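Coordinate inspection notes
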Amino acid sequence: MNSLEMSKPISESIPEGAEADLVPGKQDCLRSVPAHVSSERRVSRCRLHQEAIVDHLFTVMGEAATPIARTGLAAEGLLERQHLQEWVIAHPQVLGESVLVVTAEYDRWADTDGVPARDRLDVLGLDVTGRLVVVELKRGTADRDVHLQAITYAALVSRFDLSTLTQAHRDFLSRRGQNLDFDACRQRLLDHVDGEWSPELLQRPRQVIIAADFPKQVTHSVVWLSEMSLDIDLIQVGLWKVEGHVVAGFTKVYPTPEVEEFTLTPARVEGEAAAKKLQERARSRNAVHVLVGAGLPPEGTKLLMTPRHGTTEAIRNAINAWVEEDSSRATAVWTNNTAQPLIWDADGASYSPTGLANHIFTSVTSRTADGIQGTTWWDVDTSQVPSDVDSEEWATLAGLNLSGLAKQLNGTRKDWTELHTLLCAVPAGRWTTYGDVAAVIGSHAVPVGRHLSTCGQCPSPWRVLNAAGRVSNGFQWADQTRTDTPAEVLGTEGVRFNGAVADAEKRLGPDALRQLLDI
C-alpha cells in the first residue's frame, strides 16, 4: 500500500495587493507582521494559517485512489501522557535534528519560584548545539494561552545548570528502568553536545508546541514572539485511519524555512554573543551522527590519536610522552554507535571522541579539559585496509581526522535506492567509478564500494571500478561459483584493458551519470 499526499500549492511569489485575496484569518496574520516586511515575505510568513497541511490523503492501488478518513487522538481513545508523550520520547526526531530527551513530566521546581508542583513540564530535550528544548503537548486543539505555558517553563529551565540537568536525566532514566550513576549521566549529556558546553546557550531554550491544531491567538502571538527573537516551533500532529490502522503524522507548521531565513537568523545575529555561538553551531550536524549516517569509517576501523584542539604545545608533548609509556593509549576502534563510537585499546571501554579526549587530557594534566573538540584528535589509520574496501580508495582517507571526514561527508546518506537505479542505467560497454557514483547519489567512494561488495542484488556491479580504472581488490560475485573476472565480463561487452586498466574513453563520469538518471 502506498500513501499519496495532495496539498494546496501556495505561490512563492505573490504580487503586491495579493493580500486582499486572502481569507480573513490570513489577513489578520498579515497585520501581525511588521509593515517593513515585503508583501511576498508577509504572505509566506502566514502559511501556517492554511486549514490543514495535508488536505487529502489516499491509499493507492493501481489506478484507484481511496480517500483516507482523518481522525483524532481523543476519537481513538489515545491520551496525551500515555500515548502522545511516549511517541515523542521514543522518536525525538520530531522535535528537530539530534535531540536527546533529558526528562519528562518534570515538576521539581524550587518553592521560591511560586510554581505549584502540579505544573509539569511535558518533555525537556537537549539538542546537539547544547540548547534546551522545552516541549508542550496537547492532544487536541491547543489552548489559547499554550504559548504562555511554554514560555513559563522555558524561563524556569533557563536557570538550570549541568548538575541540575544531570540529576533530572538520572531520575528520568531510573523511572524507565535504566540505572546510571551521576557521572555517567553527566557524560551522556556532554557527549551529546557537538563542541564545548555553553552555560550561555542554556539560558536560551527553544520551545516546541505540539497539538492537533492551533487557534489564531497562538499563531499570531508566536509570529510576534519570533520577531522578538524567541524561538517557538509549532508542530501539528494529525491522525488518519488506514485499513483499520491509525497513522500519525507530525508536521512543522511554524516557522517555515522563509521565516527562519529572514526573521530568526538576523535577530540572532544582532543578539548577544550566546546567540551568535548558537547560529555557528547549528550550521552543522554532530560529526559523529554524520559519520554513522554516511557509513564511513566502517565498523572496526582503527583510529590513531593526535592531540590537537584544546591543547597547548606543552600539553601535546606531555600527552605524547604519556603515550610512549603504553602505545595502546594512542589507538581506538570505531563502532557505529552515535553516543560512544570509540573503543579505546587502553582499557576496552567505549567513549565519545570528545569524552575520550577529555579523559586523556585529565589523565595527563590532572585538570578538567575546557572546550576540547575531540573529533579533531582521531585520524583514520589507512595502513590497515578493511577486507571489503578497495585499497586505492581507502588511501584517499590518509591524513583525515574524524572532524575533517565529517565535513566532507555532511549531507551523505546510506539509502542505496538511487544507486541501484543508476547502475541499472549504465549500459553494456561502459564503466564508471565508485567516486563518480558517489558524487551523483550523495555518498562517498568507500561506502559505495563496501555496499557493492556485500549487496548481492546490485545491478551490473562489474561496471564500477576504482578511481584508477582497475577492478577493486575487494570485488566479489554474489554467486560464489563464478570463476570469471569483472575485467573479462567488461571485455565481452567491448571495454578494452591496457594491462589492468580499463579504456578511459569508455568511462562515464558524474555528468554523464546524471544524464542517465534524467532519462
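Scroll up to find the structure.
Here's a quick rundown of the structure.

Rules of the game
- Residues numbered from 1 in each chain as written.
- Predicted model: local features only at pLDDT ≥ 70, side-chain atom pairs only at ≥ 80, totals over all residues.
- Heavy atoms only, no water.
- Buried < 20%, exposed > 50% of the residue type's maximum accessible area, 1.4 Å probe, protein only.
- Helix = DSSP H or I, 4+ residues; strand = E, 2+ residues; numbered from the N terminus.
- Arc of directions from axis to C-beta.
- Contact = heavy atoms within 4.5 Å.
- Polar contact = N/O pair within 3.5 Å; in protein donor to acceptor, adjacent residues only side chain to side chain.
- Core = buried A, V, L, I, M, F, W, Y, C linked by side-chain atoms within 4.5 Å.
- Phe/Tyr/Trp six-rings, centres within 6.5 Å; stacked < 30°, edge-to-face > 60°.

Side note on helix 15 (residues 402-409)
- Turning to helix 15, its buried residues number three or more, namely Leu402, Ser403, Leu405, Ala406 and Leu409. Projected down its long axis, helix 15 shows its buried positions confined to an angular sector of 160°, all on one face.
- Packed against the buried residues of helix 15 are helix 11 (287-294), strand 11 (302-305), strand 12 (331-334), helix 13 (353-365) and strand 15 (378-380).
- The backbone nitrogen of serine 403 lies 3.0 Å from a side-chain oxygen of the residue at the head of helix 15, namely asparagine 401.

Some thoughts on the nonpolar core
- Formed by 37 residues in total, the largest nonpolar core has its most connected members in Trp334, Ile360, Trp377, Trp378, Leu397 and Leu405.
- Of all the elements in the fold, those that place two or more residues in this core are helix 11, strand 11, helix 12 (313-325), strand 12, strand 13 (342-344), helix 13, strand 15 and helix 15.
- Ranked by residue count, the leading element in this core is helix 11, at six residues.
- Discounting residues that sit within four places of it in the chain, tryptophan 334 has contacts with Val288, Leu291, Val292, Pro297, Pro298, Glu299, Gly300, Thr301, Leu303, Pro341, Leu342 and Leu402.

A short note on unusual backbone geometry
- Looking along the chain, the bond that leaves tyrosine 254 and enters proline 255 is cis, with omega of -5°.
- Within the secondary structure, proline 255 is located in the loop between strand 10 (245-254) and helix 9 (257-270).
- The omega torsion of the bond from leucine 296 to proline 297 falls at 5°, within 30 degrees of zero and hence cis.
- Of note, proline 297 is situated in the loop between helix 11 and strand 11.
- The phi torsion at glutamate 105 lies on the positive side, around 55°, for a residue other than glycine.
- Here serine 366, not a glycine, exhibits a phi torsion of approximately 60°, which is positive.
- Mapped onto the fold, serine 366 is located in the loop between helix 13 and strand 15.

Focus: the environment of valine 247
- Among the secondary structure elements, valine 247 is positioned in strand 10.
- Distance in space between the C-alpha atoms of valine 247 and arginine 70 is 9.5 Å, their sequence separation being 177 residues.
- With residues near it in sequence (within four places) discarded, valine 247 still touches Gly238, Leu239, Trp240 and Val242.

Regarding the packing of aromatic side chains
- One pass over the full model with this rule turns up five aromatic pairs.
- Judged by centre distance (6.0 Å) and plane angle (85°), the rings of tryptophan 344 and tyrosine 351 are edge-to-face.
- Judged by its relative accessible area of 4%, tryptophan 344 is buried.
- For tyrosine 351, a relative accessible area of 14% corresponds to the buried category.
- Residues tryptophan 462 and tryptophan 477 carry aromatic rings whose centres are separated by 6.0 Å and whose planes lie at 45° to one another, so their mutual orientation is tilted. You can see tryptophan 462 sitting in the loop between helix 18 (445-454) and strand 17 (464-465) and its partner tryptophan 477 sitting in the loop between strand 17 and helix 19 (486-492), a full 15 residues away along the chain.
- For tryptophan 462, a relative accessible area of 17% translates into the label buried.
- By relative accessible area, which is 11% here, tryptophan 477 ends up buried.
- By way of ring pairs, the aromatic residues Trp322, Trp344 and Tyr351 are connected into one cluster.

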